[in-house]
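# Observations on chain architecture
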Amino acid sequence: MARRKLIAANWKMNKTLSETEAFVSTLKDSLGKLAGTDIVIFPPFPSLASAARLLRGSAVAVGAQDVFWEPEGAYTGEVSGRMILDAGGSHVIVGHSERREVIGEDDDTVARKLGAALAAGLLPILCVGEKLKEREDGKAQDVVLEQLQSALAQRTVADMKRTVIAYEPVWAIGTGRTATAEDAVEMHSFIREYVGQRFGDDIAGRLRILYGGSVKPGNAGQLLAQEEIDGALVGGASLDPEAFVEIAAAWKEQ
Ligand code: PGA
């Protein structure tokens, strides 16, 4: 089964409301080039509703960079899946390494957030990936396996039909170092194999696995040409609409 490529822009803590609006307006002018590719942008929370409103009816979806695991209540500063949906978001990133490392989210937190995202009706992108030392020690697959086992422990086949996984080696995020296409393909195949054992071949065959970590216009074509790489989660290079469009269109030019 052919999987559609999905290119996602993770802006992290960048762009004000007016900067978001300017990006969206440039992006809308380029939508012709992006036909056949699924595009999602992940602005910071204050810009989410506005981006979603401006993109309503277009082929571009909008998502949140994080979600809390409870649907509502006394949780100062947190945002629920219901609020994200209501603001026009359809997707959410769960378990990004910056949240794991900087904010201190552990595997249990990530699993709860994944469950909450699915329960709310959002489409989650679950991020996994090893640190440099772990790769150097030959433990990359062990680390990713542990993250998958924990995050997916409570998940069902139905959940997995709506879940995307992003392989983001921590040493490649924001560093300018990209995994080689071979390294990425090897890990993607490993992830797909695990998902196949756990949820069956049909789910594994339809699962989209994105690569993330210093994806740029210059390397996107080579990465996205791989059948195993179903798209990209783009950080730094997604802040510039022209670069992002170039990345999103790159696989077609191969
Ligand atoms: P980067 O970030 O493209 O800036 O390396 C990727 C990510 O963190 O999703």
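Rules used in this analysis
Residues numbered from 1 in each chain as written. Predicted model: local features only at pLDDT ≥ 70, side-chain atom pairs only at ≥ 80, totals over all residues. Heavy atoms only, no water. Helix = DSSP H or I, 4+ residues; strand = E, 2+ residues; numbered from the N terminus. Rg over C-alpha atoms; globule rule 2.2 N^0.38 Å. Buried < 20%, exposed > 50% of the residue type's maximum accessible area, 1.4 Å probe, protein only. Contact = heavy atoms within 4.5 Å. Areas by Shrake-Rupley, 256 points an atom, 1.4 Å probe, with all protein chains shown as cover. Near = heavy atom within 4 Å. Polar contact = N/O pair within 3.5 Å; in protein donor to acceptor, adjacent residues only side chain to side chain. Nonpolar A, V, L, I, M, F, W, Y, C, P; charged D, E, K, R; others polar. Phe/Tyr/Trp six-rings, centres within 6.5 Å; stacked < 30°, edge-to-face > 60°. Core = buried A, V, L, I, M, F, W, Y, C linked by side-chain atoms within 4.5 Å. Axes fitted to C-alpha atoms, helices over the stretch in contact; angles between N-to-C directions. Parallel < 35°, antiparallel > 145°, perpendicular 65-115°, else oblique. Left-handed = near helix turned anticlockwise from the far one by under 90°. Expected span 1.5 Å × (residues − 1).

Turning next to the overall build of the protein chain. Helix and strand content of the protein chain: 12 helices and 8 strands. Compactness check: the protein chain gives a C-alpha radius of gyration of 17 Å against a globular reference of 18 Å for 254 residues, within 12% of the reference. For the protein chain, buried positions account for 52% of its 254 residues. Sequence-distant contacts in the protein chain: of pairs separated by 6 or more residues, those separated by 24 or more amount to 73%. Approximately 11,300 Å² of the protein chain is accessible, and the part contributed by carbon and sulfur atoms is 50%.

A few words now on the site of the ligand. Contacts to the ligand come from 13 residues, most closely from Lys-12, His-96, Glu-168, Gly-174 and Ser-214. The contact in question runs from an oxygen atom of the ligand to an N or O atom on the backbone of Ser-214, over 2.7 Å. One of the backbone N or O atoms of Gly-235 is found 2.9 Å from an oxygen atom in the ligand. The fraction of the free accessible surface of the ligand (280 Å²) that becomes covered by protein chains is 95%. Here the residues of the shell around the ligand sort into 4 nonpolar, 7 polar and 2 charged.

Enumeration over the complete set of coordinates arrives at 5 aromatic pairs. Between the aromatic rings of Phe-68 and Tyr-75, the centroid separation amounts to 4.9 Å while the plane-to-plane angle is 45°, which identifies the pairing as tilted. Relative accessible area serves as the criterion here: at 35%, Tyr-75 is assigned to the partly exposed category. An aromatic cluster is built from Trp-11, Phe-23 and Phe-244, whose rings are joined through pairwise contacts.

If you look at the biggest cluster of nonpolar residues, it comprises 64 residues, and the most contacted ones within it are Ile-41, Ile-191 and Val-195. Broken down by element, this core gets its largest block of residues, 8 residues, from helix H9 (residues 181-199). Core analysis: the second largest hydrophobic core is formed by 12 residues, Ala-8, Ala-61, Ile-93 and Leu-210 among them.

Turning to the packing of helix H1 (residues 17-29) against helix H12 (residues 241-250), a few remarks are in order. Their axes nearest at 9 Å, the elements H1 and H12 cross at an angle of 40°. It follows from the interaxial angle that H1 and H12 lie oblique. Seen from above, H1 lies across H12 with right-handed handedness. Only Pro-241, Glu-242, Phe-244 and Val-245 of H12 make contact with H1, whose side of the interface consists of Phe-23, Thr-26 and Leu-27. Within the contact of H1 with H12, the residues separate by chemical class into 5 nonpolar, 1 polar and 1 charged.

For the rest of this paragraph, the subject is the environment of Thr-180. Secondary-structure assignment places Thr-180 in the loop between strand E6 (164-167) and H9. Residue Thr-180 is classed as partly exposed on the basis of its relative accessible area, which comes to 37%. Spatially, the C-alpha atom of Thr-180 lies 7.9 Å from that of Leu-223, the residues being 43 residues apart in sequence.

For H9, spanning 19 residues, the distance from its first C-alpha to its last is 26 Å, which sits close to the expected 27 Å at 1.5 Å a residue. Burial in H9 covers these residues: Ala-181, Ala-184, Met-187, His-188, Phe-190, Ile-191, Arg-192, Tyr-194, Val-195, Gly-196 and Phe-199. Directly beyond the C-terminal end of H9, a positive phi value near 100° is found at Gly-200.

In this section: unusual backbone geometry. The phi angle at Lys-15 is positive, at roughly 85°, despite the residue not being glycine. Relative to the elements of secondary structure, Lys-15 occurs in the loop between strand E1 (6-10) and H1. Phi at Ser-214 takes a positive value of approximately 55°, unusual for a residue other than glycine. Mapping Ser-214 onto the fold places it in the loop between strand E7 (209-212) and helix H11 (217-224). Relative accessible area serves as the criterion here: at 14%, Ser-214 is assigned to the buried category.

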